[in-house]
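Spelled out, the chains give:
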Amino acid sequence: MSKATERAAPFLRQADDFAVSVLEGLSRPKKSLPCRFFYDAQGSALFEDITRQPEYYPTRVEVGILTANAMQMLEGALGETVLVEFGSGSSIKTEILLGHMRRLHAYVPIDISESALIDARERLAARFSGLNIELLLADFSHPIELPPELAPRPKLGFFPGSTIGNFVPAEATRLLRAMRETLSPRGKLIIGVDLKKDVRQLVAAYDDANGVTAAFNLNLLARINHELDGTFDLQAFRHAATYEPFEGRIEMYLVSVKDQDVWVAGRKFHFRAAETIHTESAYKYTIEEFHLIAQAAGWTPLRVWKDELNLFSVHELVAP
Ligand code: AVI
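Residues numbered from 1 in each chain as written. Predicted model: local features only at pLDDT ≥ 70, side-chain atom pairs only at ≥ 80, totals over all residues. Heavy atoms only, no water.

**What about the overall build of the protein?**
- Scanning the protein from terminus to terminus reveals 10 helices and 12 strands.
- At 20 Å, the protein has a C-alpha radius of gyration in line with the 20 Å of a compact globule built from 320 residues.
- Across the 320 residues that make up the protein, the buried fraction comes to 53%.
- Relative to all contacts within the protein whose residues are 6 or more apart in sequence, the contacts with residues 24 or more apart total 70%.
- In the form shown here, the protein has an accessible surface area of approximately 14,700 Å², with 53% of it arising from carbon and sulfur atoms.
- Between the averaged position of the 35 positive side-chain charges in the protein and that of its 42 negative side-chain charges there is a distance of 4 Å. (Helix = DSSP H or I, 4+ residues; strand = E, 2+ residues; numbered from the N terminus. Rg over C-alpha atoms; globule rule 2.2 N^0.38 Å. Buried < 20%, exposed > 50% of the residue type's maximum accessible area, 1.4 Å probe, protein only. Contact = heavy atoms within 4.5 Å. Areas by Shrake-Rupley, 256 points an atom, 1.4 Å probe, with all protein chains shown as cover. Lys, Arg positive; Asp, Glu negative; His and termini not counted. Charge placed at Lys NZ, Arg CZ, Asp CG, Glu CD.)

**Here we look at the domain arrangement of the protein**
- If you check the domain split of the protein, you get domain 1 (17-38 + 202-283) and domain 2 (57-197 + 286-318).
- When each unit is reduced to the centre of its C-alpha atoms, the spacing between domain 1 and domain 2 is 29 Å.
- Counting from both sides, the interface comprises 10 residues of domain 1 and, opposite them, 10 residues of domain 2.
- Summing both partners gives a buried area of about 770 Å² for domain 1 against domain 2, and 57% of it is carried by carbon and sulfur.
- For domain 1, the biggest contributors to the area lost against domain 2 are L202, A205 and Y283; these three give 58% of the whole.
- At the junction of domain 1 with domain 2, the criterion picks out zero salt bridges.
- Between the two partners, domain 1 and domain 2, sit three residue pairs in polar contact (both at pLDDT 80 or more).
- Elements with a contribution of two residues or more to the side of domain 1 that touches domain 2: α8 (199-205) and β10 (276-283). (Domains from an automatic or database assignment. Buried area = accessible area lost by both parts, 1.4 Å probe. Salt bridge = Lys/Arg side-chain N within 4 Å of Asp/Glu carboxyl O. Polar contact = N/O pair within 3.5 Å; in protein donor to acceptor, adjacent residues only side chain to side chain.)

**Structural notes on the pattern of salt bridges**
- Inspection of every chain in the model, using the stated rule, returns 17 salt bridges.
- The salt bridge involving R272 is made with E275; its shortest N-O contact spans 3.5 Å.
- Through salt bridges with shared partners, one network takes in E75, K188, R303 and E316.

**Here we look at the confidence of the model for the protein**
- Chain-level statistics for the protein give a pLDDT mean of 92 and a share of 95% at 70 or above.
- Taken together, the stretch residues 1-15 has pLDDT below 50 and engages in 23 contacts with residues farther than four places along the chain or on a different chain. (pLDDT = per-residue confidence, 0-100.)

**A few points about the sheet that holds strand β3 (residues 136-137)**
- Read from one edge to the other, the open sheet built from seven strands follows the order β3-β2-β1-β4-β5-β12-β11, with strand pairing classed as mixed. Each having just a single partner strand, β3 and β11 (300-306) make up the two edges of the open sheet.
- By the bridge criterion, two bridges tie strand β2 (residues 106-111) to β3 in an arrangement that is parallel. The residue of β3 that forms the bridge with D111 is L137.
- Strands in contact with helix α6 (residues 114-127) are β2 and β3; relative to β2, the strand with the most contacts, it is inclined by about 155°. (Pairing = 2+ DSSP bridges. Axes fitted to C-alpha atoms, helices over the stretch in contact; angles between N-to-C directions.)

**Remarks on the sheet that holds β10**
- Across the sheet, three strands lie side by side as β6-β7-β10; this open sheet has antiparallel pairing. Two strands lie at the open edges of the sheet, namely β6 (237-244) and β10, each paired on one side alone. Mean inter-strand twist for the sheet, computed between neighbouring axes without regard to direction, equals 20°.

**Some details on the site of the ligand**
- Residues in close proximity to the ligand total 14 residues, the closest being Y56, G161, N166, Y206 and E280.
- Within the side chain of Y56, an N or O atom sits 2.5 Å from an oxygen atom of the ligand.
- Between E280 and the ligand, the recorded distance is 2.6 Å, taken from a side-chain N or O atom to a nitrogen atom.
- For the shell around the ligand, the class distribution of residues is eight nonpolar, five polar and one charged.
- Residue contributions to the shell around the ligand reach at least three from each of two domains, namely domain 1 (17-38 + 202-283) and domain 2 (57-197 + 286-318). (Near = heavy atom within 4 Å. Nonpolar A, V, L, I, M, F, W, Y, C, P; charged D, E, K, R; others polar.)

**Here's the deal with the environment of A240**
- With respect to the helices and strands, the residue A240 is situated in strand β6.
- Between the C-alpha atom of A240 and that of A70, which follows or precedes it by 170 residues, the distance is 36 Å.
- Those residues within four positions of A240 in sequence are excluded, and the remaining contacts are E251, M252, Y253 and V255.

Here it is in structure tokens:
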């Protein structure tokens, strides 16, 4: 067992069981599948591809905001600071911050993919010689205990990408509270939040012309076929993305194109023609709406950085 796996063992025991979640989600009157299961190896590669699509503005715009404002975001970060990234994946955006940090005690990327953590460490170690990188294999949606030698130091959390939007507001509040606990004492969080905007632009970002988001959504059924002995015919479902203005969120669905039966792990599920499986929500906020959620989680919002077109925001939250 690697050092990271050993450290993460208690978290991994709590990890969601794919089979239980899928069977439970498909048994509901309104079928649904949790979006956290998108990210097997193929899903993670498709997500990287989504971020390069012209319609998917969040990555491009957030990188621009981080690049233009990194110095300000890092004000006050001292040599004893620990940079903690939640759901670090490939740590690409972190390079922007690290490039502006002359001194840092350690970088702690937290992710459920050990291979992503190891790849990121290799790349970062090559670019930032002497950087102390402490991998943490864990599910960041649960409270996380940092290694004892790091826990008392000042901590700067980093949660880019508007992943917070994939949680319903009550869960988002819980998650932000857990992050505040992980980062205490003297914690600060830099978090990316996608903004409300023209509905056509929002929907296009989740239904790109090249069909990459459709492939990403359908890959969830392919994963069920591989891992749970499923019989989904990927041609018999189509991708759909809509904006729900009352909730303020994009909703992604897989729509059955015909009446059909599908087997998963020995159980039969019936789909009527046009019946949907809800696979993801992506909440969009105004600055004020996000401040309310952050405050409910015990954070004090300070500065906000945005792009010129008000597409995306990066917030500075501090623990009072
Ligand atoms: C990871 N997350 C912030 C992405 C989003 O925009 O909600 C996931 C995604 N789903 C479809 N496209 C991108």
